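# Observations on the three-dimensional arrangement
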Amino acid sequence: MGKIDMIKAASVAALLSLSACNTEPEVVDTNPDPMKEELAKAQPVELPPAIQASRAYRCKDNSLVYIDFMSNNTAIVRKEKGAEPPLATVTAETAGGAYKSADGYTVSGNSQQITYSSPSGGSQSCKA
């Protein structure tokens, strides 16, 4: 037997021995989740509402008001962009209706022009 024949025989033997192996990897969970059963029984998590539109409005008195319109018929009113906590969270009873809060803030209108009122400043027209 020549040297090339021996190399061929060795490679065929190696291929045959590898083909007999299980190609599926064996997965061993060395760190099981202790809350797996509790999480499987848990109620689904509800995501917070998404921001549908975020607008800045210039009002008649030259002040700015920032409003984030949310997907759940609420809007967050701020006097400064990104201010925390916000002035108010206002809610619309129906989609497209006026937004109101218990403490006297209201927002009505459309994305380009709104009427905004606050307990301390009265009602005024504002444009995006």
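First things first, this report covers the structure right here in the doc. Since the model is a prediction, treat every value here as computed from it, not as a measurement.

### Considering the packing of aromatic side chains
To describe a pair of aromatic rings, you give the distance between the ring centres and the angle between the ring planes. Within this structure, the stated rule accounts for one aromatic pair. On the numbers, 5.7 Å between centres and 55° between planes, the contact of F69 with Y99 is tilted. One end of the pair, F69, is in strand β2 (residues 64-70); the other, Y99, is in strand β5 (residues 99-100), and 30 residues separate them in sequence.

### Overview of unusual backbone geometry
The phi angle of most residues is negative, glycine excepted, and most peptide bonds adopt the trans form. Going from E84 to P85, the amide bond is cis rather than trans, its omega being -5°. Look at N73: it is not a glycine, yet its phi comes out positive at around 60°. On the secondary structure map, N73 appears in the loop between β2 and β3 (74-78).

### Structural notes on the environment of G104
Mapped onto the elements of the fold, G104 is located in the loop between β5 and β6 (106-109). A residue is classified by how much of its surface remains accessible, and G104, at 35% relative accessible area, is partly exposed. For the pair G104 and S120, spaced 16 residues apart in sequence, the C-alpha to C-alpha distance is 9.0 Å. Beyond its immediate sequence surroundings of up to four residues, G104 is in contact with S117, S118 and P119.

### Here we look at the nonpolar core
Judged by nonpolar contacts, the single largest core of 17 residues is most densely connected at V65, I67, V90, V107, I114 and Y116. Looking at this core, the elements that each hand over two or more residues are β1 (51-59), β2, β3, β4 (88-92) and β7 (113-118).

Cut-off values and rules
- Residues numbered from 1 in each chain as written.
- Predicted model: local features only at pLDDT ≥ 70, side-chain atom pairs only at ≥ 80, totals over all residues.
- Heavy atoms only, no water.
- Phe/Tyr/Trp six-rings, centres within 6.5 Å; stacked < 30°, edge-to-face > 60°.
- Helix = DSSP H or I, 4+ residues; strand = E, 2+ residues; numbered from the N terminus.
- Buried < 20%, exposed > 50% of the residue type's maximum accessible area, 1.4 Å probe, protein only.
- Contact = heavy atoms within 4.5 Å.
- Core = buried A, V, L, I, M, F, W, Y, C linked by side-chain atoms within 4.5 Å.

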